[in-house]
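# Topology and contacts: notes
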Amino acid sequence: MNTASSASRTGHCLCGAVRYRVPYPFTGEIAHCHCSMCRRAAGAVAVTWFTVPNDELEMLGVPLEVYKSSAEAERGYCPTCHSPISFWSSKFPDTIDVTLATLDDPSEFAAEMNIWTESRLPWLKLDSHLPDREGDPDED
Ligand SMILES: [Zn+2]
Ligand SMILES: [Zn+2]
């Protein structure tokens, strides 16, 4: 059994060019985001993110391609296969969100809440027993 300081989890994009490592267990939140921008950026009905401090996301393989997706946010993706990997906002400059689905084994982790549920698709039942936040709780 690894000590907590050396335990980690790894993830990768669809083609495998982008790889990353993060410490485990995570200290941040895991949330299903229902905002329309995540939905469009991922081409998915919702996007599940886990949050880590910036310096805990260790990029391996090729660097992410990054684009500005709104006035305060940047999204990172694989330059080859375009899998969405990261989200960073100047509102929370010390942390970065990573797409849970790109972990090597996402089944190990479960979301703790739904965020931006004001934008949730009305027919989507996704972990509906979890607490709903109309926006992002960190913005309260
Ligand atoms: Zn890729
Ligand atoms: Zn979102």
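Our subject in this report is the structure included herewith.

About the thresholds
- Residues numbered from 1 in each chain as written.
- Chains lettered and ligands numbered in written order.
- Predicted model: local features only at pLDDT ≥ 70, side-chain atom pairs only at ≥ 80, totals over all residues.
- Helix = DSSP H or I, 4+ residues; strand = E, 2+ residues; numbered from the N terminus.
- Rg over C-alpha atoms; globule rule 2.2 N^0.38 Å.
- Contact = placed C-beta atoms within 7 Å.
- Pairing = 2+ DSSP bridges.
- Core = buried A, V, L, I, M, F, W, Y, C linked by C-beta atoms within 7 Å.
- Buried ≥ 20, exposed ≤ 12 C-beta atoms within 10 Å, placed from the backbone.

### A few points about the overall build of the protein
Assigned secondary structure in the protein consists of one helix and eleven strands. Reading the helices (α) and strands (β) of the protein from amino to carboxyl end gives β-β-β-α-β-β-β-β-β-β-β-β. Here the protein has a C-alpha radius of gyration of 15 Å; the compact-globule value for 140 residues is 14 Å, and the two agree. For the C-alpha atoms alone, the extent of the protein along its principal axes is close to 40 × 35 × 25 Å. Of all intrachain contacts in the protein linking residues separated by at least 6 positions in sequence, the fraction that spans at least 24 positions is 53%.

### Brief notes about the sheet that holds strand β10 (residues 113-115)
The strand order across the open sheet built from eight strands is β6-β7-β8-β9-β4-β3-β10-β11, with neighbouring strands paired in mixed fashion. Of all the strands in the sheet, just β6 (65-68) and β11 (132-133) have a single pairing partner and so form its edges. Bridging between strand β3 (residues 30-33) and strand β4 (residues 47-53) involves four bridges; their strand directions are antiparallel. Paired with His32 across the bridge in β4 is Thr48.

### Quick word on the nonpolar core
One finds Val18, Cys33, Trp49, Val52, Leu57, Ile85 and Val98 to be the most contacted residues of the largest nonpolar core, which totals 24 residues. Counting residues per element, the ones that place at least two in this core are β2 (18-23), β3, β4, β8 (84-89) and β9 (95-99). Take this core: its biggest share by element is four residues, from β4. Discounting residues that sit within four places of it in the chain, Trp49 has contacts with Ala31, Cys33, Phe87, Asp97, Val98, Thr99 and Leu100.

### Remarks on the pairing of β9
In terms of residue burial, β9 counts as a mostly covered element, since four of its five residues are buried. Summarising the sheet, β4 and β9 pair through five bridges and their orientation is antiparallel. In the sheet register, Thr51 faces β9, and the bridge partner there is Asp97. The pairing of β8 with β9 spans two bridges and is classified as antiparallel. Paired with Ser86 across the two strands is Val98, which belongs to β9. From the end of β8 to the start of β9, which pair antiparallel, there are five residues.

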